[in-house]
Every structure is written in C-alpha cells, then in structure tokens.
Amino acid sequence: MSSPRIALVPLDERPACAELPRLVAAVAGVRILTPPPVHLPALRRAGDPRGIGAWLAGVEADAAVVSLETLGHGGLIASRTRPATVASVTAAWAPLHALAARGVPVHAVTLITRTPDSADAMEEPAYWDPHGPALHRLSARLHLAAGDPAATAPAPDEPEDAVPAAVRADFLTRRVRNHAVNLAALELVADGTLRSLVVGADDTAEHGLATAELHWLDRWAGWLGLRERVSVRPGADEACTVLLARTVLDLLAGPAPTVRIEAVDPAGLLRVAAYENVPVGRTAARQLEACGAAVLTDGQDGAPDVVLLVHTPDGAGDWAVSPPAATDPAPAGLLAARAAALLAAGQAVAVADCAQPNGADPHLLSALAAEGVLERLSAYAGWNTAGNTLGTVAAHLVTAVAARRAGCFDEQAHRRLLLHRMIEDWGWMSVERARTRAVLGSDPTRHDHVPAGHPVLADIAAALAARRADLPGFAPLAVDPASVRLPWSRTFEVDFALVTDPRAGAPEDAR
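Residues numbered from 1 in each chain as written. Predicted model: local features only at pLDDT ≥ 70, side-chain atom pairs only at ≥ 80, totals over all residues. Heavy atoms only, no water.

J.: Please explain the overall build of the protein chain as it appears in this structure.
T.: For the protein chain, the count of helices and strands is 17 helices and 13 strands. For 511 residues, the compact-globule estimate of 2.2 N^0.38 gives 24 Å, and the protein chain sits close to it at 22 Å. Considering only C-alpha atoms, the protein chain reaches an extent of 60 × 55 × 55 Å along its principal axes. Here the protein chain, with 511 residues, has 60% of them falling under the buried criterion. For the protein chain, long-range pairs separated by at least 24 residues make up 77% of all intrachain contacts whose partners lie at least 6 apart in sequence. Surface exposure of the protein chain reaches about 19300 Å², of which carbon and sulfur atoms provide 56%. The positive charge centre, built from 44 side chains, and the negative charge centre, built from 58, are 4 Å apart in the protein chain. (Helix = DSSP H or I, 4+ residues; strand = E, 2+ residues; numbered from the N terminus. Rg over C-alpha atoms; globule rule 2.2 N^0.38 Å. Buried < 20%, exposed > 50% of the residue type's maximum accessible area, 1.4 Å probe, protein only. Contact = heavy atoms within 4.5 Å. Areas by Shrake-Rupley, 256 points an atom, 1.4 Å probe, with all protein chains shown as cover. Lys, Arg positive; Asp, Glu negative; His and termini not counted. Charge placed at Lys NZ, Arg CZ, Asp CG, Glu CD.)

What follows is the structure, encoded as structure tokens:
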C-alpha cells in the first residue's frame with residue numbers, strides 16, 4: 001500500500017508553517033506535497049494565488065490542508081498588506097470547490113488579523129512604524145466600546161488624532177474585509193466544501209478587535225451548528241500542522257485519541273498566557289479537539305491514550321523581548337517528576353511548556369533530562385505563544401497515537417521531531433538567540449536583519465551543535481552545520497536539519 005499523500009498550501013514559507021507539518025506527517029509515514037516554490041511567498045513578496053490555485057486543482061492527493069490566506073492573498077503578510085476585495089479573495093478559493101467535487105477531503109485555516117503592540121513594520125503595513133502602538137490602543141478602545149460607548153474616548157494622555165485619519169481608515173477597511181472573508185470561510189464549512197476549519201488568532205490581548213472578532217466568529221460557528229468542524233482559538237503558525245494531524249487521523253481511519261490535560265498547579269490552567277485572550281487550559285482543549293482528539297474531563301472513567309502535562313504561564317518574562325534573569329525551578333521539577341511517575345505506570349505523556357512566551361523554560365528541560373524521560377515523551381514543544389506550543393504538541397501526539405494504531409509509526413521520525421523541538425525551543429530561543437543578538441548588537445524589541453552568508457551563521461551552527469550535545473539520548477542524531485540558516489534573515493527563528501552523526505554511519509535524510 002502506498003503512503004497517503006496530503007497536499008499542503010502553507011501559511012507562508014517559514015519552517016514553522018511549511019516544514020513542521022512535514023515533520024509531523026513523517027511520524028505516520030505520510031507524504032506532503034506543496035506548490036512549486038516559485039508560487040509561494042518569500043517574506044514580503046506575495047505568492048501567486050493563481051499559480052497556487054492551478055497547482056491545487058490538478059494535484060493528485062488523498063486530502064488537502066490549505067491556508068486560505070495563501071490561496072486568497074498570496075500569504076500571511078500579503079493578507080495584512082496588499083489591496084484586495086472580499087470578492088477577489090473568495091474567487092481565488094474556487095479550486096477548493098473542485099477538490100471537494102472530486103471527493104478530496106479539504107481542511108482549511110484562516111486567521112483573524114492581528115494588531116501587535118509594536119512599531120515594527122516588518123510583517124505589517126508600512127504605517128505600523130510609527131503608528132502600531134497607537135493602533136493597538138485604538139483596537140482595544142473600539143472593542144471596549146462595543147459594550148461600553150464611553151470607552152470610545154481616548155486615553156487621558158493620548159490626543160484624539162493620535163492615529164491619522166487615512167491610517168485609521170486603511171486599518172479598519174482591511175479588518176472588515178478580512179472579517180468578511182472569515183465569515184465566508186464558515187459558509188464553506190456549512191455547504192460541505194470544507195471538512196473542517198481552524199480559525200486562528202495570534203498576538204491577541206484581552207481587549208482588541210481580534211478578540212472581538214474571535215468571539216463573533218465562534219458564536220457564528222455555534223449558531224450554524226458547526227462547532228464539531230470549526231475550531232476558533234488562539235494560534236496561527238501551527239494551524240496547518242494542527243489540521244495536518246486531523247487529516248492524518250481521518251486518512252488512517254482510527255478512533256479519536258483520548259487525552260487528559262493536567263498541570264501541577266491546576267489553577268495555572270485558568271491563567272491567560274501572554275499574547276492570548278483565553279485561559280491556557282481552554283486553548284489546550286481546543287487545539288486537541290481541532291486535531292481530532294477527545295479531551296477527557298474530570299470524572300470520566302478510563303485511562304487516556306496520552307496525558308498532556310502543561311507547564312502553565314508564570315509571567316516571568318519573554319524569551320525574545322525580555323529574557324527572564326531566572327525562572328522558578330520548583331514547578332519544573334514537580335512536572336518532570338509527574339511525567340516520570342506516569343511513564344513508570346505505563347501511561348503515555350506529552351509536555352507543553354507554556355511558562356514563558358517565545359521559548360522554553362531551561363529548568364523544565366533540565367528536570368525532564370534528570371528524570372531520564374526526554375526520549376520517552378509522546379510530544380514536546382515550548383515555542384512562541386502558548387497557542388503555537390499547544391497546537392504543535394497536540395498535532396504530534398495525535399499523529400503518533402494514530403500511527404501506532406495503524407501500524408505505520410516511524411520511530412526515527414518521531415525521535416527527530418522531539419529532538420528538533422528541544423534544540424530549537426530551548427537551545428536557540430531560550431539560550432543562544434540572546435547571545436547571538438548581543439554579538440550583533442540587535443534591539444530585541446524589533447526584528448533585526450542578518451544578511452545571507454553573515455559570519456555569525458557559523459557561530460550559530462556551532463552553538464546549536466553544543467546545545468544538542470547537552471541533551472542526553474537521541475543517538476545518533478546530530479545538527480547538520482551546513483543546514484543552519486535564518487529563514488527570514490532575522491534572529492527570531494532558526495532553521496536546521498538533523499542527520500545521523502557521520503561517526504555512527506551514513507547520513508539519513510532529516511527532511
């Protein structure tokens with residue numbers, strides 16, 4: 001029997017969007033097909049919706065996972081920056097109807113436009129520098145005004161015209177267009193074109209238009225009776241990976257994996273993580289459900305397939321913007337001990353590190369290593385937002401459970417994915433990124449620029465190899481120094497491949 005094939009139209013070309021789904025699919029021996037690179041976006045250069053649509057209409061695949069931003073606009077950044085209309089975007093979705101008519105299951109991702117509290121315009125319209133912070137505050141006031149008209153007044157220290165009229169008009173016009181497009185995506189689920197839809201929201205806050213739109217879309221999904229097929233939750237970059245897992249589960253025709261969510265401090269599951277707008281426990285449940293898993297609640301009998309241990313938010317800092325001087329080792333030690341005890345009792349365990357955004361808690365990884373359980377986990381992640389982390393862990397564990405049941409589990413691909421996340425989320429984001437930025441003199445509050453071929457890349461490769469050496473087990477996997485790169489020519493994320501250590505035999509493909 002040939003391996004199942006899934007056509008993937010990623011959110012953009014970054015590894016988190018284009019490569020992570022491939023690494024997860026490999027755990028089940030599933031092949032990922034993607035459009036030719038010439039049609040995909042490259043940072044601020046938009047992709048080609050027509051070329052992507054033509055490829056998608058003709059691809060021979062067993063299922064499809066599609067970013068509606070990429071198919072409709074040419075990518076995530078294009079959806080925030082390029083002129084378009086609701087009609088032009090939804091017209092570009094025509095290949096989805098053709099796929100559905102051929103009986104190909106189509107799963108899709110759409111995103112709620114963010115309003116980051118930053119003057120960095122790298123991923124935003126040019127006017128974000130300098131108006132981003134003022135637009136963020138305007139967004140919060142407009143959301144509050146939806147329930148309290150008095151909230152339309154500006155803050156005492158902010159003049160009424162803090163945002164120029166032309167900027168405000170463009171900002172709101174783009175939002176209403178993208179919100180209308182998201183409502184149209186719900187219609188594709190209702191009419192059967194889409195088997196499932198993930199509606200993601202990244203970089204949100206308690207008050208803001210993104211939060212308002214998230215609630216409106218969730219309510220419409222409920223009114224339409226689509227809650228079983230539509231997941232509305234924080235997260236963006238991991239969304240294609242989440243739907244990839246759901247698609248694999250469907251293709252393998254297995255029952256829904258059962259998962260119990262735990263935290264050493266149960267109250268921690270009620271905390272709202274940085275850059276998000278709902279409690280982390282709710283995000284965990286919604287990410288698991290979006291992958292096709294069934295979440296067991298308190299009082300339900302039977303052992304779950306996997307226990308998901310969540311290292312809950314502690315407010316200690318941000319590994320990208322303001323790295324914490326220290327984190328509390330006590331919760332990390334308790335979680336690692338709980339993981340070891342569950343594993344000793346024969347229970348599968350996954351770990352989602354949501355303690356601080358944009359990186360992993362070094363104390364947790366150290367404690368898990370001391371317990372000797374790193375290689376025994378069903379999944380691990382600790383990167384960017386809590387939604388990114390939880391979606392990645394959910395996708396990995398669901399795929400692993402489904403593959404084991406179907407007899408197509410690839411142990412080496414599973415170990416490679418575990419190790420990759422540990423090196424990237426801890427080794428780079430929490431340790432080496434700050435050191436590299438210090439060498440470059442980068443401002444951590446803004447995206448920097450590192451030209452291709454910069455000498456620092458050799459230093460990064462050596463640093464990642466050193467962090468790999470600090471992690472016990474996973475022999476014979478090693479970082480390939482020739483593969484190390486900065487995907488968007490910035491230090492925020494890193495990409496690398498894992499190969500078999502030459503001293504242990506011939507290299508194997510890490511992709």
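J.: Can you help me understand the packing of aromatic side chains in this one?
T.: The description of an aromatic ring pair rests on the distance of the ring centres and on the angle between the ring planes. Within the structure shown, the criterion is met by three aromatic pairs. For the pair tryptophan 128 and phenylalanine 171, a centre-to-centre distance of 6.1 Å together with 55° between the ring planes defines the contact as tilted. Note that tryptophan 128 is positioned in helix α8 (residues 128-145) and phenylalanine 171 in helix α9 (residues 165-190), a separation of 43 residues in sequence. Comparing tryptophan 128 with phenylalanine 171, the two get one shared label, buried. Aromatic pair tryptophan 220 and tryptophan 223: ring centres 4.9 Å apart, planes at 85°, arrangement edge-to-face. Pair noted here: tryptophan 220 and tryptophan 223 are both in helix α10 (residues 209-223), with a separation of three residues, about one helical turn. Overall, the relative accessible area of 40% leaves tryptophan 220 in the partly exposed class. Linked through ring pairs, Tyr127, Trp128 and Phe171 together constitute an aromatic cluster. Arginine 14 extends its terminal NZ or CZ atom over the ring of tryptophan 488, reaching a point 4.6 Å from the ring centre. Between the NZ or CZ atom of arginine 433 and the centre of the ring of phenylalanine 492, over which it lies, the distance is 5.2 Å. (Phe/Tyr/Trp six-rings, centres within 6.5 Å; stacked < 30°, edge-to-face > 60°. Lys NZ or Arg CZ within 6 Å of the ring centre and 35° of its normal.)

J.: What's the story with the packing of helix α13 (residues 329-344) against helix α14 (residues 362-370) in this structure? I'm lost.
T.: The angle between the axes and the distance between the axes are what describe a pair of packed helices. Closest axis-to-axis distance for the α13/α14 pair is 8 Å, and the angle between their directions is 35°. When you trace α13 past α14, the crossing you get is right-handed. Contacts between α13 and α14 involve Pro329, Ala332, Gly333, Leu335, Ala336 and Ala339 on the former and, on the latter, His363, Leu364, Ala367 and Leu368. Across the contact of α13 with α14, the residue classes tally to eight nonpolar, two polar and no charged. (Axes fitted to C-alpha atoms, helices over the stretch in contact; angles between N-to-C directions. Left-handed = near helix turned anticlockwise from the far one by under 90°. Nonpolar A, V, L, I, M, F, W, Y, C, P; charged D, E, K, R; others polar.)

J.: Would you explain the pairing of strand β1 (residues 5-9) in this entry?
T.: As a general feature of sheets, a regular strand has side chains that alternate between the two faces. For β1, a buried count of four out of five residues is recorded, marking the element as mostly surrounded by other parts of the structure. The sheet contact formed by β1 and strand β2 (residues 31-33) spans three bridges and is parallel. When the sheet's bridge partners are listed, arginine 5 is paired in β2 with arginine 31. Two elements, β1 and strand β3 (residues 63-67), share four bridges in a ladder whose sense is parallel. Directly across from isoleucine 6, in β3, lies its bridge partner alanine 63. (Pairing = 2+ DSSP bridges.)

J.: I keep staring at helix α7 (residues 94-101) and nothing clicks. Help me out?
T.: Because an α-helix packs 3.6 residues into every turn, residues spaced three or four apart end up facing the same way. All buried positions along α7 are accounted for by Pro95, Leu96 and Leu99. The buried residues of α7 all sit within an arc of 105° when viewed along its axis, so they share a single face. Those residues of α7 that are buried are in contact with α3 (49-58), β3, α4 (68-73), β4 (106-112) and α9. Positioned one or two residues after α7, glycine 103 has a phi angle of 85°, which is positive. (Arc of directions from axis to C-beta.)

J.: I keep staring at the pairing of strand β6 (residues 230-234) and nothing clicks. Help me out?
T.: The buried fraction of β6 amounts to five of the five residues, a majority that puts the element mostly inside the structure. When strand β5 (residues 196-201) meets β6, the two strands line up parallel, connected through five bridges. Considered in β6, the bridge of valine 198 is made with serine 231.

J.: Explain the pattern of salt bridges to me, please; I cannot follow it from the model alone.
T.: Where charged atoms of side chains with opposite charge meet at close range, the side chains can pair. As enumerated under the stated definition, the model contains 26 salt bridges in all. Residue arginine 286 is joined to aspartate 218 by a salt bridge in which the shortest nitrogen-to-oxygen separation is 3.4 Å. One end of the pair, arginine 286, is in helix α12 (residues 280-290); the other, aspartate 218, is in helix α10, and 68 residues separate them in sequence. Overall, the relative accessible area of 23% leaves arginine 286 in the partly exposed class. Judged by relative accessible area, which is 13%, aspartate 218 ranks as buried. (Salt bridge = Lys/Arg side-chain N within 4 Å of Asp/Glu carboxyl O.)

J.: Looking at this structure, I do not really get the sheet that holds β3. What am I missing?
T.: To summarise the sheet geometry, strands pair through backbone hydrogen bonds and adopt either a parallel or an antiparallel arrangement. Read across the open sheet, the six strands follow the order β2-β1-β3-β4-β5-β6; overall the sheet is parallel. Of all the strands in the sheet, the pair left with one neighbour each is β2 and β6. Strand-to-strand twist across the sheet, computed as the mean angle between neighbouring axes with direction ignored, equals 20°. Pairing of β4 with β5, which is carried by six bridges, proceeds in the parallel orientation. Bridged to alanine 108 within β5 is leucine 197. The sheet contacts of α3 involve β1, β2 and β3, and relative to β1 the element is tilted by about 165°.

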